[in-house]
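This is what each chain is made of:
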Amino acid sequence: MFSGRHPEPGHAARRATGASRVDPRRLRLRMVEGLARQLAQRGVEAPAVLAAMATVPRHLFVEEALRAHAYEDTPLPIGFGQTISQPSIVALMTAMLAPEPGMRVLEIGTGSGYQAAVLAAMGCAVFSLERMPELHTATRALLQELQLGAIRTYCRDGTRGLPLAAPFERIIVTAGGPEIPAPLLDQLAEGGILLIPVGSRPRTQRLLRVRKRQGRTDTEDLGPVIFVDLVGDHGWRH
Ligand code: SAH
């Protein structure tokens, strides 16, 4: 369903612009139609998510050599052993997160910046944390260039959250850890939703949805997923 690690074609190529043989907009709309069908099969309706995904140019978030595949439902390598999630998992996770315009959303695992861009396109104020300095720097430059909305990026261990900007109405973790990091639960606003892949072994997780109500948390299991490792103080240590 999701990716493991991939070999890494040069990351620098990602930002180069090149003539494309196909019209990205048409491919993107076709991708969104496919996603709408997939969500409907699961009984999920998420028009705001699909509308956002129809506007974000996913082909600019992948390496130039892989652009022809940007609108297929597949994860792709983004360099440094990391991946951009496949469109259907982005659609499903964003739908399960139920973000609303104006909400403050914390994302752990900026990666390519695509998920952050989708949230910003939905009108959220996004705070996105990435632990790998090279990825953080390249993605920050790309997001600045594309001007896709209110996205602040930080290079740090996301398992500790972002205490100075807390609380957050939504928190989305796009890497899988052994447990729910306690700081993230602390930084979740009352009535808020936290989504995180959790598993006792690396790269096989269950997607958990946690809601905070009157200071208590309810956790729901939304099914199996495969994400790259969440590495940090409250994640895997390697
Ligand atoms: N949301 C991304 C997918 C990212 S893949 C996208 O749309 O492209 C997961 C990312 O999480 C990787 O870039 C990895 O480096 C990052 N990551 C792993 N552990 C982390 C941690 N503790 N804090 C911040 N980022 C982390």
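One can find the structure itself at the top, above this paragraph.
Residues numbered from 1 in each chain as written. Predicted model: local features only at pLDDT ≥ 70, side-chain atom pairs only at ≥ 80, totals over all residues. Heavy atoms only, no water.

### So, the overall build of the protein
Part 1 of the reasoning: When helices and strands are counted, the protein shows six helices and nine strands.
Part 2 of the reasoning: For 238 residues, the compact-globule estimate of 2.2 N^0.38 gives 18 Å, and the protein sits close to it at 17 Å.
Part 3 of the reasoning: C-alpha atoms of the protein, sized along the principal axes, occupy 55 × 40 × 30 Å.
Part 4 of the reasoning: Burial statistics for the protein: of 238 residues in total, 54% are counted as buried.
Part 5 of the reasoning: Taking as baseline every contact in the protein between residues at least 6 positions apart, the subset at least 24 positions apart corresponds to 60%.
Part 6 of the reasoning: Side chains of the protein give 28 positive and 23 negative charges; the mean places of these two sets differ by 1 Å. (Helix = DSSP H or I, 4+ residues; strand = E, 2+ residues; numbered from the N terminus. Rg over C-alpha atoms; globule rule 2.2 N^0.38 Å. Buried < 20%, exposed > 50% of the residue type's maximum accessible area, 1.4 Å probe, protein only. Contact = heavy atoms within 4.5 Å. Lys, Arg positive; Asp, Glu negative; His and termini not counted. Charge placed at Lys NZ, Arg CZ, Asp CG, Glu CD.)

### Concerning the sheet that holds strand β4 (residues 125-130)
Part 1 of the reasoning: The strand order across the open sheet built from seven strands is β5-β4-β3-β6-β7-β8-β9, with neighbouring strands paired in mixed fashion. Only two strands of the sheet have a single partner each, and these edge strands are β5 (151-155) and β9 (216-225). Each strand of the sheet is rotated relative to its neighbour by a mean of 20 degrees, with strand direction disregarded.
Part 2 of the reasoning: As paired elements, β4 and β5 share five bridges and run parallel to each other. Looking at β5, one finds that Glu130 is bridged to Cys155.
Part 3 of the reasoning: Contacts between helix α5 (residues 133-146) and the sheet are confined to β4 and β5, with β5 contributing the most and set at about 160 degrees to the helix. (Pairing = 2+ DSSP bridges. Axes fitted to C-alpha atoms, helices over the stretch in contact; angles between N-to-C directions.)

### Digging into the layout of surface pockets
Part 1 of the reasoning: Here the second largest pocket is characterised by a volume of approximately 160 Å³.
Part 2 of the reasoning: As for the second largest pocket, its lining consists of Arg140, Leu143, Gln144, Gln147, Leu148, Gly149, Ile151, Arg152 and Thr153.
Part 3 of the reasoning: Looking at the lining of the second largest pocket, the elements that each hand over two or more residues are α5 and β5.
Part 4 of the reasoning: Tallied by class, residues from the lining of the second largest pocket come to three nonpolar, four polar and two charged. (1 Å grid on protein atoms, 1.4 Å probe; cavity = no way out; pocket = protein on both sides within 12 Å on 5 of 7 lines; lining within 4 Å. Points joined across faces, edges and corners; volume = space filled by probe spheres on them. Nonpolar A, V, L, I, M, F, W, Y, C, P; charged D, E, K, R; others polar.)

### Remarks on the site of the ligand
Part 1 of the reasoning: Near the ligand, the surroundings consist of 27 residues, among which Ser112, Glu130, Asp157, Gly158 and Val231 are the closest.
Part 2 of the reasoning: Gly158 places a polar main-chain atom, nitrogen or oxygen, 2.7 Å from a nitrogen atom of the ligand.
Part 3 of the reasoning: Relative to its unbound accessible area of 580 Å², the ligand is 100% covered by the protein chains.
Part 4 of the reasoning: Of all the cavities here, the one that holds the ligand is the largest cavity.
Part 5 of the reasoning: Counting only elements with at least two residues in the shell around the ligand, the list comes to β2 (82-84), β3 (104-108), α4 (114-121) and β4.
Part 6 of the reasoning: Considering every element that reaches the shell around the ligand, the biggest residue donor is β2, with three residues. (Near = heavy atom within 4 Å. Polar contact = N/O pair within 3.5 Å; in protein donor to acceptor, adjacent residues only side chain to side chain. Areas by Shrake-Rupley, 256 points an atom, 1.4 Å probe, with all protein chains shown as cover. Sits in = over half its atoms within 2 Å of the grid points.)

### A closer look at the side chain of Thr159
Part 1 of the reasoning: Within the secondary structure, Thr159 sits in the loop between β5 and β6 (168-173).
Part 2 of the reasoning: Taking relative accessible area as the criterion, Thr159 reaches 1% and is therefore assigned buried.
Part 3 of the reasoning: Here the side chain of Thr159 touches Asp233 through a polar contact of 3.4 Å, landing on its backbone nitrogen.
Part 4 of the reasoning: Apart from the residues within four sequence positions on either side, Thr159 is in contact with Ile108, Pro181, Pro183, Leu184, Leu230, Gly232, Asp233, His234 and Gly235.

### Observations concerning the nonpolar core
Part 1 of the reasoning: Counting 49 residues, the largest nonpolar core has Met53, Phe61 and Tyr114 as the members making the most contacts within it.
Part 2 of the reasoning: Among the secondary structure elements, those contributing two or more residues to this core are α1 (24-41), α2 (47-53), β1 (76-79), α3 (87-97), α4, α5 and β7 (188-201).
Part 3 of the reasoning: In terms of residues, this core owes the most to one element, α3, which gives eight residues.
Part 4 of the reasoning: Ranked by size, the runner-up nonpolar core spans 20 residues in total, among them Phe168, Val173, Ala175 and Leu188. (Core = buried A, V, L, I, M, F, W, Y, C linked by side-chain atoms within 4.5 Å.)

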